[in-house]
Amino acid sequence: MTEFMTAALGFILAMLGLGLIRVLRGPDDADRMMAAQLIGTGGIAALLLLGGVTGVPATVDVALTLALLATFASIAFVKKDGANAPESPESR
Amino acid sequence: MSLALDIVTITAVSAGAFFFLAGTVGLLRFPDTLTRLHALTKADNVGLGLVVLGLLPQAGSLRGGFKLICVWLLVLAAGATVSQLIARAALASGAGGKRGHSTVRAARHDGPPT
């Protein structure tokens, strides 16, 4: 079971690495932010699998923190982006 | 019993990994911003949910399993909110791509197509 979970962990990490291609190519800032969100979600899955492999319960706490950080990163992006957008007067 | 639990783990984690693959391929291959957002935010949350489902039999304690589910629920709520926010930002900056931009604008002004 440990071997299988390690393999799944490696596969998900490879998917995150492929997602970085979208950060490189863009073309828009929102696309790059989506790749960051992919890394957030996939990183949480990888951390939970790592917790299953190693049996260290603290990895679940790390995954929770990563979930919060990924969310706040996206919200910060939207607030920055919406500051000069005409359609969102509530952001001023 | 242990074998059955292991089979549940292998099946669910494999399906979750497949959904992560689908999300990444969608993010790389789809033509404009809104379709990429569509592929990413749905497939990834399902993938994470299946990984959590697969890890539940290995959790050991009820509290550990409950915590895993809480992580997934937090990611679900956050992912749904953030995807709406990113879509709004992409639309406002006019970066939705030609096709996605026009169809979503039309849907917003005229209601859903009948």
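Anything mentioned here points back to the structure above.
Residues numbered from 1 in each chain as written. Chains lettered and ligands numbered in written order. Predicted model: local features only at pLDDT ≥ 70, side-chain atom pairs only at ≥ 80, totals over all residues.

1. A few points about the environment of G52(A)
Looking at the secondary structure, you find G52(A) in helix 2 (residues 29-54). Given 27 C-beta atoms within 10 Å, G52(A) falls into the buried group. Remark: the alpha-carbon pair of G52(A) and L66(A), spanning 14 residues in sequence, is separated by 17 Å. For G52(A), the contacting residues outside a window of four places in its chain are M5(A), L55(B) and Q58(B). (Helix = DSSP H or I, 4+ residues; strand = E, 2+ residues; numbered from the N terminus. Buried ≥ 20, exposed ≤ 12 C-beta atoms within 10 Å, placed from the backbone. Contact = placed C-beta atoms within 7 Å.)

2. Some remarks on the interface of chain B and chain A
The interface is formed by 40 residues belonging to chain B together with 40 residues belonging to chain A. Of all the elements in the fold, those that place two or more residues in the side of chain B that touches chain A are helix 1 (2-29), helix 2 (33-55) and helix 3 (62-92) of chain B. In terms of residues, the side of chain B that touches chain A owes the most to one element, helix 3 of chain B, which gives 14 residues. Here the side of chain B that touches chain A is composed, by residue class, of 25 nonpolar, 11 polar and 4 charged. (Nonpolar A, V, L, I, M, F, W, Y, C, P; charged D, E, K, R; others polar.)

3. Quick notes on the environment of A8(A)
One can find A8(A) in helix 1 (residues 2-25). In the structure, A8(A) is positioned 42 residues away from L50(A) in sequence and 9.8 Å away in space, judged by C-alpha atoms. Those residues in contact with A8(A), other than ones at most four positions away along the chain, are L49(A), V13(B) and A17(B).

That's the geometry; what it means functionally is another story.
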